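Working through the structure, step by step
What follows is the residue order along each chain.
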Amino acid sequence: MAYVAIQGGERAIEEAAKLLDFLRAEGDDQSPIGSREIETQLRYLHSRVLSEGGMYHPRLASLAIKQSLGDTLEASFYLRAYRSTRPRIGETDTHTTERMRLIRRISAAFKDVPGGQMLGPTPDFMQRLFRLELLDESPEAFQRIASEWMADLNGAEVPDSFPKVVEALRAEGLLSEKEPYTDKPYDITREPIVFPLPRSAALAMMTRAETGSLLAMAYSSMRGYGDVHPTVAELRVGYLPVILPHPVTDEPIEVGEVLMTECEVVAMYDSDDGEKPTFGLGYGACFGHNEVKAISMAILDRSLQKGQRDGPSAPSEDPEFVLLHSDGIESMGFCTHYKMPHYITFQSDLDRLRTTQKKYEERERGARGDDE
Amino acid sequence: MTDVPRTQWVAALATQLPEVRPLVDSLTEGWQVRHVAVPKAGLMLLRMEEVVLGEDYYLGEVPVACSRVEIELPDGMTAQGGAQVLDDDEESAVGFAVCDAILSAGLPGAEKVAALVDRGAEELARRDQVRRGMLARTQVDFSLLSDKDPDGEGTA
Amino acid sequence: MKVQLDPIWRASTQQKIFKQLVQVISRPGEIAELDEVLGGERAAMGVLSTLADRMVSVADPDGAIPPGAWPLLEARSAVVSDADYVVVNGKKPPGRDFEPRLGELSHPERGSTVIIEIDRLGADEGARLELRGPGVRDTCSVCCAGLDVAWIECRRCWVSHFPLGIDLFVTDATRVLAIPRTTQVGTD
């Protein structure tokens, strides 16, 4: 396939861009949507784009959603494009999620977990019935919601810390011990993706992968194209304080916090020959409040580990299949490029088809001629 | 001047961002301020340890700005300050660094910086209170259907 | 609030210097005048401020870098044999155990860049170097006052196994000349 430069259409292209803005503003009775509205009222959309963009920039994630008129793939693309223009100024020390300021923490595997279970904000137990009154929501009623909820917050008693459920399992010998980690994690933004990849690369790729893609592949594993029947050991959502050294004193300072979701799933137990059988776990984590993504990622982490050990027996266990087909910008970009002019390519396809059809007809005529 | 530890000054001041620049502009009038390191804004990789196998990975990139400044007063007194903030805005990092210098060295005007830090800390405390409320109000203690109903209402 | 920062540490200055460095390393023998952008700093510091950042290491065996410049450079301090960049005083010969990094066959770019400070470039005094090779039309002659020719002899060894080797920037107070490892240098 050859690429040939096309010319013309400049005016149409400019108008196409203007049209998007016209669609955005159509009607003369609207107000422009604000970043804060996007971040709060479209919370899960915002979180998805934060995560798929691979860069924790809430203000720009809102802008991306606004500019792309709500297209999650385009919005994530804006964030990735922006990040490619920014200098890399370093990396943080290793953070652990024990320090997360939680707003949600549950376990499906265990009823009693240290610190307790708190549902936090979740639609899990809701019936999916429309609240039709929201079609006609008044600003006054809307603005009362927050203050009403916040009335009488005093005296909320919750534990100060929430140890990881997984550590409790480990303490009981149900999980293998952690090996001290001496490698450098793989930087997928700077190193080429060459298989076999270390697990840190798989985690980095999945954490910014497109949610639907991860979900579909994880679902295939759950439904039998794979061997992972998971239970959620812990799912937590909260704000991780980011700590960096003070430029003068070198003491740790909190520079901000990052909303994130983290999930561990327990799968069938492993019994390596000769070794004490232990539970196999998968891990998923991402920026933003994205539970389906974190759970899917944990399932895929587990199935990829299994695939690496025993050889893949299903697509969800094959790292090349999972990791090369789950990045939204890559997959959407390739799909979208099909719309770009391919006139020369297609012209040659047309020519080839016509030639082949002609030969076919000649053959048919010849065969009929023999019969007569 | 403030009970808020230095480790929390940036987090506190970040909640009061619109006040920071006007305050440092007014306090540093007539002072010499110079960059000890070139202020920079960009992205850092956020390194995490995952808890299952204890392996490190990068969760993604976070925007960071850093600044390190030195202030010299007309009487010759000097003080250094620094800040890193989770936002790719050099201007705010410089503002925080100047506040850090003024407050840590007790320069003239430090009590105003301390007051701003305290207001920020109150904002952070309110935020924590909301989060604790979220957890407290949604605490669950699931029990199996076969167990006695804890609300004493009897099973269906 | 106006915060003071010397010109060589500003991005706009470094871009101008960088363009000049690209020009001189493409045309060995050409001398670039950086006077207008250095703001009174030495050309060697201008070259270093432009090229160094927190991702590289710098060796300073002759103490050419003022202490206050290190936080602005952000580069790691390293020994000569380990450094990406080395700054030296060209008036003295290289020490007996001065061995800059030459790179590896799989990574020739890891050969270090050496910045040599001398008295005066391009005046009619001092060691006369004859340059030939890529980027030089036929041959080019340039005078380096205050350059100890032992540097050229040592360089000959360091660049003898192309693609391994070092690249040189020779500076005086305000000017810079580049001698990449591909250039042949004759002295008379």
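Residues numbered from 1 in each chain as written. Chains lettered and ligands numbered in written order. Predicted model: local features only at pLDDT ≥ 70, side-chain atom pairs only at ≥ 80, totals over all residues.

Summing up its helical and strand segments, chain C has five helices and 14 strands in all. Compactness check: chain C gives a C-alpha radius of gyration of 16 Å against a globular reference of 16 Å for 188 residues, within 12% of the reference. The dimensions of chain C, computed from C-alpha atoms along their principal axes, are 55 × 35 × 30 Å. Looking at chain C as a whole, 40% of its 188 residues qualify as buried. Sequence-distant contacts, at least 24 apart, represent 65% of the contacts inside chain C between residues at least 6 apart. (Helix = DSSP H or I, 4+ residues; strand = E, 2+ residues; numbered from the N terminus. Rg over C-alpha atoms; globule rule 2.2 N^0.38 Å. Buried ≥ 20, exposed ≤ 12 C-beta atoms within 10 Å, placed from the backbone. Contact = placed C-beta atoms within 7 Å.)

This part covers the sheet that holds strand E13 (residues 175-179) of chain C. In a beta sheet, neighbouring strands pair by backbone hydrogen bonds and run either parallel or antiparallel. Residue and element names in this part refer to chain C. What the seven strands build is an open sheet, ordered E2-E13-E12-E8-E5-E3-E4; its pairing is mixed. Two strands bound the open sheet, and with one partner strand each, they are strand E2 (31-33) and strand E4 (76-77). Inspection of the sheet shows strand E5 (residues 85-89) paired to strand E8 (residues 113-117) by five bridges, in the parallel sense. Of the residues in E8, the one forming a bridge with Val87 is Ile115. Seen against the sheet, helix H3 (residues 43-51) touches strand E3 (57-59), E5, E8, strand E12 (167-171) and E13 and runs at an angle of roughly 160° to E8. (Pairing = 2+ DSSP bridges. Axes fitted to C-alpha atoms, helices over the stretch in contact; angles between N-to-C directions.)

This brings us to unusual backbone geometry. A cis amide bond links Phe195 of chain A with the next residue in sequence, Pro196 of chain A, at an omega value of 0°. Within the fold, Pro196 of chain A resides in the loop between helix H7 (165-171) and helix H8 (199-207). Across the junction of Phe162 of chain C and Pro163 of chain C, the peptide omega takes the value 10°, indicating a cis bond. By the secondary structure assignment, Pro163 of chain C is in the loop between helix H5 (150-158) and E12. Positive phi outside glycine occurs at Asp152 of chain A, with the angle close to 65°. Looking at where Asp152 of chain A falls in the secondary structure, it is placed in the loop between helix H6 (139-150) and H7. In this model, Asp138 of chain C sits at a positive phi of 60°, which is unusual for a non-glycine residue. As for its placement among the helices and strands, Asp138 of chain C is situated in the loop between strand E10 (127-132) and strand E11 (140-145). Overall, Asp138 of chain C belongs to the exposed group, with 5 C-beta atoms counted inside 10 Å.

Because an α-helix completes one turn every 3.6 residues, residues spaced three or four positions apart along the sequence face the same direction. All names here are of chain A. For helix H10 (residues 291-310), built from 20 residues, the straight-helix expectation of 28 Å at 1.5 Å per residue is met to within 8% by its first-to-last C-alpha distance of 29 Å. Along H10, 16 of the 20 residues are buried, which leaves the element largely enclosed by surrounding structure. Trailing H10 by a residue or two, Gly311 shows a phi angle of about 85°, which is positive. (Expected span 1.5 Å × (residues − 1).)

All right, on to the interface of chain B and chain C then. Contacts between the two partners involve 13 residues from chain B, matched on the other side by eight residues from chain C. Counting only elements with at least two residues in the side of chain B that touches chain C, the list comes to helix H2 (17-27), strand E1 (32-49) and strand E2 (56-72) of chain B. Sort the elements by how many residues they give to the side of chain B that touches chain C and E1 of chain B lands first, with seven residues. Note that E1 of chain B and strand E1 (residues 3-4) of chain C share two bridges and pair parallel. By the bridge assignment, Val33 of chain B is partnered in E1 of chain C with Val3 of chain C.

Now for the packing of helix H3 (residues 43-53) of chain A against helix H4 (residues 58-67) of chain A. Residues and elements named next belong to chain A. In the contact formed by H3 and H4, the axes pass within 9 Å of each other and the chain directions differ by 110°. Looking at the two axes, H3 sits roughly perpendicular to H4. On H4, the residues that touch Leu45, His46, Val49, Leu50 and Gly53 of H3 are Pro58, Ala61, Ser62, Ala64 and Ile65. Here the residues of the contact of H3 with H4 are counted per class, giving seven nonpolar, three polar and no charged. (Parallel < 35°, antiparallel > 145°, perpendicular 65-115°, else oblique. Nonpolar A, V, L, I, M, F, W, Y, C, P; charged D, E, K, R; others polar.)

In terms of nonpolar packing, the biggest core is built from 116 residues, with Val265 of chain A together with Val10 and Leu13 of chain B touching the most fellow members. Looking at which domains feed residues into this core, each of domain 1 (31-90) and domain 2 (97-122 + 159-332) of chain A gives three or more. With near-sequence residues (within four places) excluded, Val265 of chain A lies in contact with Pro230, Thr231, Val232, Ala233, Leu281, Gly282, Ile295, Ala298, Ile299 and Arg302 of chain A. Grouped together as the second largest cluster of nonpolar side chains are 53 residues, Leu38, Val114, Phe169 and Val185 of chain C included. (Core = buried A, V, L, I, M, F, W, Y, C linked by C-beta atoms within 7 Å. Domains from an automatic or database assignment.)

Residues and elements named next belong to chain A. As assigned here, chain A comprises domain 1 (31-90) and domain 2 (97-122 + 159-332). For domain 1 versus domain 2, the distance between C-alpha centres works out to 23 Å. Taken together, the contact between domain 1 and domain 2 spans 13 residues of the former and 13 residues of the latter. Taken together, the elements giving at least two residues each to the side of domain 1 that touches domain 2 come down to H3 and helix H5 (72-83). Sorting elements by how many residues they give to the side of domain 1 that touches domain 2 places H3 first, with seven residues. Looking at side-chain class alone, the side of domain 1 that touches domain 2 contains five nonpolar, four polar and four charged residues.

Contact residues are listed per partner, giving 63 residues for chain A and 54 residues for chain B. Within the residue set of the side of chain A that touches chain B, elements represented by two or more residues are strand E1 (88-91), strand E2 (101-106), strand E3 (117-118), H8, strand E4 (231-245), strand E5 (252-270) and strand E6 (278-287) of chain A. Where E3 of chain A and strand E4 (residues 139-140) of chain B come together, two bridges link them in antiparallel fashion. Paired with Gln117 of chain A across the strands is Val140 of chain B, a residue of E4 of chain B.

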